[in-house]
Amino acid sequence: MANLAVLASGNGSNFQAIAERIAGEPHRLCCLICDKAAAYALERARRLGIPPYVVGYAGRNRQEAEEQVIQILRRHDIDVVALAGFMRLLTPLLVDEYEGRIVNIHPSLLPKYPGMNAIAQSHASSDREVGITVHIVDHGMDSGPILVQRRIEHNAEESLEELEQRIHALEHSTYPEVILRVLDEVEDGQHAYRQNARRMQ
Ligand code: GRF
């Protein structure tokens, strides 16, 4: 058994997909940490019976806030951290503490369209394929070793909202599975993120 924490900032649909998928597994989703008190993800956590935490970033530097995040992660004996719409760049304090064991989902085929508004950029592009990326978090923005990418055809007729729906559906079916694999590997003591990055392609 390995222990997972999710960090989110907003809606939390990926958090919910992870929670529902992990429920029948030996691994545990131990807590949700949000940087925004109004995040709907917190309401989802309460309904799911998963301890929700709010860590405010206002009025202090990111490292101070992350020290509080790390305290919560230690309290729950967390092995793996999943970012699911967490809208902040992590500092080396947190990245180094959980090196290779923080994963993120991004709604584009990285290295295309890192950062904000990735779906809108995919939608506005002339790319033939769009998709999602799950990767290990390093010190950059959406730049760590890629674990999995999933591609779908880019339909030029489709609205942005329709593409968003397809991207989110792809995220919800993909991200929990990748997280479970990472949890299995961490439990088996086999998780080495560079090896993973190759093996999971
Ligand atoms: C997802 O599209 C994810 O790829 C991105 O932020 C969004 C979060 O959505 N990083 P939700 O909060 O999980 O509904």
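Notes on the structure in this doc start here. Just so it is clear, the model here is predicted, and its values are computed rather than measured.

## Observations regarding the side chain of Glu66
Stage number 1. With respect to the helices and strands, the residue Glu66 is situated in helix α3 (residues 62-75).
Stage number 2. Comment: no salt bridge for buried Glu66; closest opposite-charge side chain is Arg62, at 5.4 Å.
Stage number 3. In this structure the side chain of Glu66 is engaged in a polar contact, spanning 2.5 Å, whose partner is the side chain of Thr91.
Stage number 4. Of note is the side chain of Glu66, whose polar atom sits 3.4 Å from the backbone nitrogen of Leu94.

## Some thoughts on the packing of helix α1 (residues 13-22) against helix α2 (residues 40-48)
Any two packed helices are characterised by how steeply their axes cross, that is the angle between the axes, and by the distance between the axes.
Stage number 1. Two numbers describe how α1 lies on α2: the axes approach to 9 Å, and their chain directions differ by 20°. When the interaxial angle is binned, α1 and α2 end up roughly parallel. You can see that α1 and α2 cross each other, and the crossing is right-handed. Of α2, the residues touching α1 (which contributes Ser13, Phe15, Gln16 and Ala19) are Ala41, Arg44, Ala45 and Leu48.
Stage number 2. By residue class, the composition of the contact of α1 with α2 is 5 nonpolar, 2 polar and 1 charged.

## Some thoughts on the nonpolar core
Stage number 1. In this structure, Leu4, Val6, Leu29, Leu32 and Tyr175 are the most contacted members of the largest nonpolar core, which totals 39 residues.
Stage number 2. No other element matches the 10 residues that helix α6 (residues 160-187) contributes to this core.
Stage number 3. Apart from the residues within four sequence positions on either side, Val6 is in contact with Phe15, Ile18, Leu29, Cys31, Leu32, Ile33, Ala82 and Ala84.
Stage number 4. If you look at the next biggest cluster of nonpolar residues, it comprises 22 residues, including Ala5, Cys30, Leu90 and Leu94.

Rules used in this analysis
Throughout this description, residue numbers start from 1 for each chain and increase along the sequence as written. Only residues with pLDDT of at least 70 are given local features in this predicted model, and only at 80 or more are side-chain atom pairs given and counted; all residues enter the totals for whole chains, interfaces and linings. Side-chain calculation: all heavy atoms of the structure are included, whereas hydrogens and water are not. Secondary structure elements are taken from DSSP: a helix is a run of H or I of four residues or more, a strand is a run of E of two residues or more, and numbering for both begins at the N terminus. Burial classes: relative accessible area under 20% of the type maximum marks a residue as buried, over 50% as exposed, and values in between as partly exposed (1.4 Å probe, protein chains only). Under the convention used here, Asp and Glu are negative, Lys and Arg are positive, and both His and the chain ends fall outside the count. A carboxyl oxygen of Asp or Glu within 4 Å of a side-chain nitrogen of Lys or Arg is what we treat as a salt bridge. Distance and chemistry together define a polar contact, namely a pair of N or O atoms within 3.5 Å, with one atom able to donate a hydrogen and the other to accept it when in protein, and with adjacent residues in sequence counting only for side-chain atoms on both sides. In this analysis, axes come from line fits to C-alpha atoms, helices being fitted only over the stretch in contact, and the angle between any two N-to-C directions falls in the range 0 to 180 degrees. Every angle not falling under 35 degrees, over 145, or within 65 to 115 is termed oblique; those three ranges are roughly parallel, roughly antiparallel and roughly perpendicular. The sense of a crossing depends on the near helix, which, turned anticlockwise from the far helix by less than a right angle, makes the crossing left-handed and, turned clockwise, makes it right-handed. We call two residues in contact when some of their heavy atoms are within 4.5 Å. Classification used: nonpolar for Ala, Val, Leu, Ile, Met, Phe, Trp, Tyr, Cys and Pro, charged for Asp, Glu, Lys and Arg, polar for all others including Gly. Throughout this description, the term nonpolar core refers to a set of buried Ala, Val, Leu, Ile, Met, Phe, Trp, Tyr and Cys residues connected via side-chain atoms within 4.5 Å.

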